[in-house]
Amino acid sequence: MTGAVKVSLTRRYRFAASHRLHNSAFTDEKNSDLYGKCNNPYGHGHNYVVEVTITGPVDEATGMVANLGDFDPFVQREVIEPFDQKYLNEDGPEFQNAVPTTENLAKVIYQRLSKFPKARVERVSIEETSKNSFEIFGDGH
Amino acid sequence: MIRITRKMEFSAAHFYHNPKFSAEENERVFGKCNNPHGHGHNYVLEVTIAGEPDPATGMVLDLKELKDILQREVGDRMDHRHLNYEVPELAGQIPTCENIARVIWQLLELKITRGKLDRVRLYESPDLFVDCTAQNGDGSAADSGARN
């Protein structure tokens, strides 16, 4: 007797962007102390890797949780086009009043991807570098 | 509880085709994966077993034994095979990463001699993998998403 199985699919995407960690509510000295090198006024960049996990029933007609023919263009439109080769602080609406830490970026990307209509986005994880990653789950944890 | 994970690789061919679809629909839904000549992947399988270590051996499950189970159940069935034609457990299913992982879960679930099968992770490429895990007792975990 075998039990029911949950199936999820994870896909990795990449984009490159620059940012600067700076909070205008803080003094320059506090920004420098808090954010260190990341506070450099000219900004700096990363090759971000976004790992997205989607889940749901496997459609027996296609064998898929979601067709990547639908999901890849959705991620392209919602994440790659808005953020690739951009300056996160200024090139979009989300970080006009928020510090573009990768924690905040993960929340923004999760909100964008959670609109996917054909499967549930369960998790978004972003690698800022090969040594740092930031993870958000759809249930708010 | 301790989780142990063993990795293995196998290489196989497949293509996606639903005989109930028209040729145009197959092409539209499956794109390049519909090529009837097939194509292949180096699949990477990670199998995780959860349990308490045996006090006498210090092991959840002897990795040598797990390696042998994986070879027998997965390697011997799928390595250097065409998944559309040569794996009876996949007959009638489209050999997507989802379906292959689910079949591997079913093949392994009752063959694990100590501990419990916790997760099957199957990489089709470094940028795409599927996880199979046991669904919550109330059945809510897997079926909360909208159907494609």
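Residues numbered from 1 in each chain as written. Chains lettered and ligands numbered in written order. Predicted model: local features only at pLDDT ≥ 70, side-chain atom pairs only at ≥ 80, totals over all residues.

If you check the backbone angles, Q85 of chain A has positive phi at about 60 degrees while not being a glycine. Structurally, Q85 of chain A can be placed in the loop between α2 (68-83) and β3 (86-87). The class of Q85 of chain A is exposed, set by 12 C-beta atoms lying within 10 Å. Backbone geometry at H80 of chain B places phi at a positive 60 degrees, although glycine is not the residue there. One can find H80 of chain B in the loop between α2 (63-78) and β3 (81-82). (Helix = DSSP H or I, 4+ residues; strand = E, 2+ residues; numbered from the N terminus. Buried ≥ 20, exposed ≤ 12 C-beta atoms within 10 Å, placed from the backbone.)

What follows deals with the interface of chain B and chain A. Listed by partner, the interface residues are 32 residues for chain B and 28 residues for chain A. For the side of chain B that touches chain A, the elements supplying multiple residues, two or more each, are α3 (97-109) and β5 (128-134) of chain B. Of the residues contributing to the side of chain B that touches chain A, the split by class is 13 nonpolar, twelve polar and seven charged. Sheet topology note: the strand β1 (residues 5-19) of chain A/β5 of chain B ladder contains seven bridges and is antiparallel. (Contact = placed C-beta atoms within 7 Å. Nonpolar A, V, L, I, M, F, W, Y, C, P; charged D, E, K, R; others polar. Pairing = 2+ DSSP bridges.)

Another aspect to go through is the environment of E98 of chain B. Position of E98 of chain B relative to the elements: it lies in helix α3. Among the residues examined, E98 of chain B registers 26 C-beta atoms within 10 Å and is labelled buried. Sequence separation between E98 of chain B and R119 of chain B is 21 residues, and the spatial gap between their C-alpha atoms is 13 Å. In contact with E98 of chain B, other than residues within four places in its own chain, are V7, L9, V58, G63, M64 and V65 of chain A together with V130 of chain B.

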